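What the coordinates show
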Amino acid sequence: MRVLLLCTVLLLLLVGGAVAADTNRYSYLSVDRVAINLSGTEATVVVDYRVDPGIAPLVAIFGRGDLHQKVRRVTGFQDGRIVELSMERAELVVEQASMDYGEGSYWFPAHTFGVVVPSLTISSPQNTRELTQTDTFPRGMGHFGVSQA
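The notes below deal with the structure included here. (Residues numbered from 1 in each chain as written. Predicted model: local features only at pLDDT ≥ 70, side-chain atom pairs only at ≥ 80, totals over all residues. Heavy atoms only, no water.)

**Describing the side chain of Ser124**
For Ser124, the location among the structural elements is in the loop between strand S8 (111–123) and strand S9 (128–137). Its relative accessible area of 10% is what places Ser124 among the buried residues. Contact partners of Ser124, with chain neighbours within four places excluded, come to Leu38, Met141 and His143. (Helix = DSSP H or I, 4+ residues; strand = E, 2+ residues; numbered from the N terminus. Buried < 20%, exposed > 50% of the residue type's maximum accessible area, 1.4 Å probe, protein only. Contact = heavy atoms within 4.5 Å.)

**Some points on the sheet that holds strand S7 (residues 105–108)**
Overall, antiparallel pairing links the three strands, which are arranged S6-S7-S10 in an open sheet. Pairing within the sheet leaves two strands with one partner each, and these edge strands are strand S6 (99–102) and strand S10 (141–144). Across the sheet, the axes of successive neighbouring strands diverge by a mean angle of 25 degrees, strand direction being ignored. By the bridge criterion, three bridges tie S6 to S7 in an arrangement that is antiparallel. Counterpart to Gly102 in the pairing with S7 is Ser105. (Pairing = 2+ DSSP bridges. Axes fitted to C-alpha atoms, helices over the stretch in contact; angles between N-to-C directions.)

**Brief notes about helix H3 (residues 65–75)**
The α-helix advances 3.6 residues per turn, and as a result positions three or four apart in sequence lie on the same side. Along H3, the positions that sit buried rather than exposed are Leu67, Lys70, Val71, Val74 and Thr75. For H3, the angular spread of buried residues about the axis comes to 125 degrees, placing them on one side. Two residues or fewer after H3 comes Gly76, characterised by a positive phi angle close to 80 degrees. (Arc of directions from axis to C-beta.)

Below is the structure:
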C-alpha cells in the first residue's frame with residue numbers, strides 16, 4: 001500500500017511538471033512575484049507563489065524538501081539559504097549575490113530565473129527596478145553601501 005501511494009505521488013509530480021503550460025510555472029509551483037533587496041554583497045529574495053491544490057496536502061504530509069529545491073530552482077539562486085518557507089511564500093538569503101568593488105560599491109550582475117516571473121522588483125538603497133513577464137534581469141545593477149571589508 002505504501003509503495004502504491006509513493007508511486008502515485010511521483011506520478012502526480014511528473015505529470016504536474018509535464019502539463020505545465022504556463023511560463024511562470026515549474027512543476028507544481030506557479031510564481032507570482034519575486035522581490036530582491038540588495039544590501040552590500042547580500043541579497044534577500046522573497047518569492048510569492050502558489051502550490052497546486054492537489055499537491056499541497058502531499059507537500060504537507062511528506063515534507064518540504066522538494067519545495068525547497070523547487071524554490072531555489074525557480075529563483076536561480078541554488079546556493080540561497082531559505083530562512084522562511086510556507087505554501088505561499090519563501091524568503092532566501094544569498095550571501096555573495098553582488099560583487100564587492102571596494103569602498104562601498106557593489107555590482108549585482110545579470111541573473112536568469114528558472115521561470116518567467118510576472119512581477120520582478122530589485123531594490124538597493126539607491127534605486128528600484130521593476131520588470132514584468134521576464135525570466136532574466138538583463139543588465140545587472142550597481143549599488144552602494146557600507147563596505148564589508
